[in-house]
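# Fold and geometry: a report
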Amino acid sequence: MGNCPAGLVAYCNPQQWIKVKFGLRMVLQYTKMSPSSATIEVRTLLLMLIVVFAINTPLGIIKREKIEAYEQQLKVASETFQLRKDMVESYLSLANSTIAKHYFSDPEPFNDLIYHLLNEQSLISSISIIPRYANANKYGLLLSSYLQLEPNENQLSNQTFFWPDEAIFTEVTPIYDDNVHLGYLIIEGHASEFANSFRQDTLMLDLAGFVYSSSYDGISQLASLPEQYTIITEQLSRSQRTAGVLDIGDHTVVYRHSVTMNGQQSYLIKLVRNDQLIPTYVYLLMVLTVATIGISYFLYRTRKDKQELTKMTYTDELSGLHNRHYLNKVNKQSLKPNKYYLAVFDIDHFKRVNDKYGHDIGDQVIRRVAQAIKRRIRISDFAFRMGGEEFLVVVKTDCVEVASQIFERIRLDVAEMESAPKVTISGGASRLVSGLGQSIKQADSMLYQAKDQGRNQICLEGLEV
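Along each chain, numbering runs from 1 in the same order as the chain's sequence is written. Only residues with pLDDT of at least 70 are given local features in this predicted model, and only at 80 or more are side-chain atom pairs given and counted; all residues enter the totals for whole chains, interfaces and linings. With hydrogens and water stripped out, all remaining heavy atoms of the structure feed into the side-chain values.

Counting its secondary structure elements, the protein contains 15 helices and 15 strands. Burial here depends on accessible area, computed with a 1.4 Å probe over protein chains only, as a share of the maximum for the residue type. Under 20% is buried, over 50% is exposed, and the range in between is partly exposed. For the protein, the residues scored as buried account for 42% of the 465 residues in total. When the accessible surface of the protein is totalled, it reaches about 25,500 Å², and 53% of it is carbon and sulfur. Secondary structure elements follow DSSP: runs of H or I no shorter than four residues count as helices, runs of E no shorter than two count as strands, and numbering proceeds from the N terminus. Working definition of accessibility: Shrake-Rupley area with a 1.4 Å probe, residue cover restricted to the visible protein chains.

Given below as structure tokens:
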């Protein structure tokens, strides 16, 4: 038989993100470890922790931004409160006016001025003058301290009082005329007007727990702080900071020092439920997301490991082709008589290659021949390394010409390889008729015939090529 003529044969803050990428790289590297060094469960848990970190980071940023907004609200509220208190105190300068000093002899000018001042605003409820000795007045006991001061000290002494029952702030300053103490100028303001700019869920209280103002449901103003919230004042006393954030269970407290009330430092507080910072459903979505990713990854790795195990079972490690185990599986499931042709290939004089160049070079030759086979077969075809330098190729076709062209192209590709050492292959081919074993024996017989005729050729049963 002569050579067969050649034929054509017919796949989010920048820093926080760097951490996430580093973690993902560690996971990818970790997952390449063998099952003996890291279980699927451990790798899944590690991935879930990284996903939690990746999701929780932006949630933390959102929470921080909301807290910063509340801090800004408190700052504005504190400044507004101070401005209103300063405005009230500015009216104390009336104590140095001529009309105030002459009040007890001619009250009309003073009363007329006060009438017009009060009609132009709602913050101050009253401005009045009382005589020096007014023990029967409601301010009698409070003003008694003035009488204990020296005249030069008394003239510079202003006092602030708060009347919880009436929700009124009172500013008091003495009236002097040529070092003669005449009486007191008293200015009263509505507590509600001082705090009407406060946002929802905002409190004003002191460390004794008295609430001057409240817009939070469940906490009344002008009363003591309810017992369940006394932890706020306890932590404020310990913090010794002018502003900050406290965590009290299911609430977050944003606080800021404010003006002095009744001789005590007051605090403006934003009392926020934690589900207002980050809604509960967001955490539920995070849990579901992490669980979904974790389960999906677990199933993926389980399937992947099963595929790897299957690949190890059915793949020849040296050549990358299928092995005899896979041949048995394919024979049981796929190979139908008269629908396939098969060829047994053998590397010519392979023992000489091993003897001359060594087994490492021999292994390289086997791999190069396997690659040549892979390049020529189709997706419906199969290629196996049967052992040593012997290969089996099964092509799906009922046309002998198509089969012979494929086998011949494999032979030519090996013969034309430029890598040293150069080798050739011989082949014997047969049609798959009744049984695979019998067809392989027939192909082996054709292989020996090709070798007897000089090698580097293919003999196909029933066809002279």
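For the rest of this paragraph, the subject is the packing of helix H13 (residues 359-376) against helix H14 (residues 400-415). At a closest axis distance of 9 Å, the pairing of H13 and H14 adopts a crossing angle of 145°. Relative to H14, H13 is oriented so that their crossing is right-handed. In this structure, H13 uses Val-369, Ala-372, Ile-373 and Arg-376 to contact H14, whose residues at the interface are Ile-406, Arg-409, Ile-410, Asp-413 and Val-414. Three classes are used: nonpolar for Ala, Val, Leu, Ile, Met, Phe, Trp, Tyr, Cys and Pro, charged for Asp, Glu, Lys and Arg, and polar for all others, with Gly counted as polar. Its residues placed into classes, the contact of H13 with H14 shows 6 nonpolar, no polar and 3 charged. Lines are fitted to the C-alpha atoms to define the axes, a helix being fitted only along its stretch in contact, and any angle between axes, read from their N-to-C directions, falls within 0 to 180 degrees. Note: crossing handedness is left-handed where the near helix turns anticlockwise from the far helix by less than a right angle, and right-handed where it turns clockwise. Residues are treated as being in contact if the distance between any of their heavy atoms lies within 4.5 Å.

Geometrically, a packed helix pair is captured by the angle between its two axes and the distance between the axes. Packing of helix H12 (residues 350-357) against H13 leaves a shortest axis separation of 7 Å and a crossing angle of 140°. Put simply, H12 runs oblique to H13. For the pair formed by H12 and H13, the contact residues are Phe-350, Val-353, Asn-354 and Tyr-357 on the first element and His-359, Ile-361, Gly-362, Val-365 and Ile-366 on the second. Broken down by class, the residue content of the contact of H12 with H13 amounts to 6 nonpolar, 3 polar and no charged. Roughly parallel means an angle under 35 degrees; roughly antiparallel means over 145; roughly perpendicular covers 65 to 115; every other angle is labelled oblique.

A patch is a set of surface residues, each over 30% in relative accessible area and not in a salt bridge, joined within 9 Å for like charges and within 5 Å for the nonpolar side chains Val, Leu, Ile, Met, Phe, Trp and Tyr. When a carboxyl oxygen of Asp or Glu is within 4 Å of a side-chain nitrogen of Lys or Arg, the pair counts as a salt bridge. For this count, His and the chain ends are skipped, Lys and Arg are scored as positive, and Asp and Glu as negative. The atom standing in for a charge is NZ when the residue is Lys, CZ when it is Arg, CG when it is Asp and CD when it is Glu. Taken together, Lys-336, Lys-339, Lys-396 and Arg-431 make up a surface patch of like positive charges. Structurally, Lys-336 can be placed in the loop between helix H11 (324-333) and strand E11 (340-347).

Pairing is antiparallel in the open sheet, where 4 strands are placed in the order E1-E4-E3-E2. What marks the edges here is a single partner per strand, and that holds for strand E1 (124-131) and strand E2 (159-163). Each strand of the sheet is rotated relative to its neighbour by a mean of 25°, with strand direction disregarded. Across the sheet, helix H4 (residues 108-119) touches E1 and strand E4 (180-190), and the angle it forms with E1 is around 165°. A pair of strands is treated as paired once DSSP finds two or more bridges between them.

Excluding glycine, most residues fall at negative phi; most peptide bonds, likewise, are trans. Looking along the chain, the bond that leaves Ala-420 and enters Pro-421 is cis, with omega of -5°. With respect to the helices and strands, Pro-421 occurs in the loop between H14 and strand E14 (425-431).

Taken in spatial order, the 5 strands make up an open sheet running E12-E13-E11-E14-E15, and their pairing is mixed. With partners counted over all chains shown, the strands left at the sheet margins are strand E12 (382-387) and strand E15 (458-460), one partner each. Adjacent strand axes in the sheet meet at a mean angle of 20°, parallel and antiparallel pairs treated alike. In terms of strand pairing, E12 meets strand E13 (residues 390-396) through 5 bridges, oriented antiparallel. Note that in E13 the partner of Phe-382 across the bridge is Val-394. Seen against the sheet, H14 touches E11, E13, E14 and E15 and runs at an angle of roughly 20° to E11. Sitting on the sheet, helix H15 (residues 436-452) is in contact with E11, E13, E14 and E15, with an inclination near 140° to E14.

Here we take up the nonpolar core. Working definition of a nonpolar core: buried Ala, Val, Leu, Ile, Met, Phe, Trp, Tyr and Cys residues. They are joined through side-chain atoms within 4.5 Å. Grouped together as the largest cluster of nonpolar side chains are 31 residues, with contacts concentrated most on Phe-345, Ile-347, Val-369, Ile-373, Phe-391, Val-393 and Phe-407. Elements that contribute at least two residues to this core include exactly E11, H12, H13, E13, H14, E14 and E15. Residues within four places of Ile-347 in sequence aside, it is in contact with Val-365, Ile-366, Val-369, Glu-389, Phe-391, Val-423, Thr-424 and Ile-425. Formed by 18 residues, the second largest nonpolar core is a distinct cluster that contains Phe-162, Ala-191, Phe-210 and Val-272.

Below, the discussion takes up the environment of Tyr-326. Counting through the fold element by element, Tyr-326 comes out in helix H11. When near neighbours in sequence (up to four residues on either side) are disregarded, Tyr-326 contacts Tyr-314, Phe-382 and Phe-384.

Before going further, it helps to spend a moment on the environment of Pro-226. Mapped onto the elements, Pro-226 comes out in the loop between strand E7 (223-224) and helix H8 (230-239). Sequence-wise, Pro-226 and Gly-209 are 17 residues apart; in three dimensions their C-alpha atoms are separated by 8.6 Å. Sequence-distant contacts of Pro-226, that is, excluding residues within four places in its chain, are made with Gly-218 and Ile-219.

For the coordinates displayed, the defined rule picks out 10 salt bridges. Across the salt bridge formed by Glu-68 and Arg-64, the nearest N and O atoms sit 3.6 Å from each other. Taken as a pair, Glu-68 and Arg-64 lie in helix H2 (residues 40-90) at a separation of 4 residues, close to a single helical turn. The exposure class of Glu-68 is partly exposed, given its relative accessible area of 43%. The residue Arg-376 makes a salt bridge to Asp-413 at a minimum N-O spacing of 2.6 Å. A residue pair is termed long-range when its members are at least 10 positions apart, and Arg-376 in helix H13 and Asp-413 in helix H14 qualify at 37 residues. What you see here is one network of salt bridges that share partners, running through Arg-64, Glu-68 and Glu-71.

Structurally, the position occupied by Thr-233 is in helix H8. Apart from residues no more than four positions distant in its own chain, Thr-233 is found in contact with Leu-205, Asp-206, Leu-207, Gly-209 and Leu-225.

Among the 8 residues of E11, 8 are classified as buried, and the element is accordingly described as predominantly covered. Neither face of E11 is exposed, since Tyr-340, Leu-342, Val-344 and Asp-346 on one face and Tyr-341, Ala-343, Phe-345 and Ile-347 on the opposite face are all buried. As defined by bridge partners, E11 adjoins E13 across 7 bridges and the pair is classed as antiparallel. Residue Val-344 lies in a different strand from E13, and its bridge partner there is Leu-392. Note: E11 against E14, 7 bridges, orientation antiparallel. Directly across from Phe-345, in E14, lies its bridge partner Gly-427.

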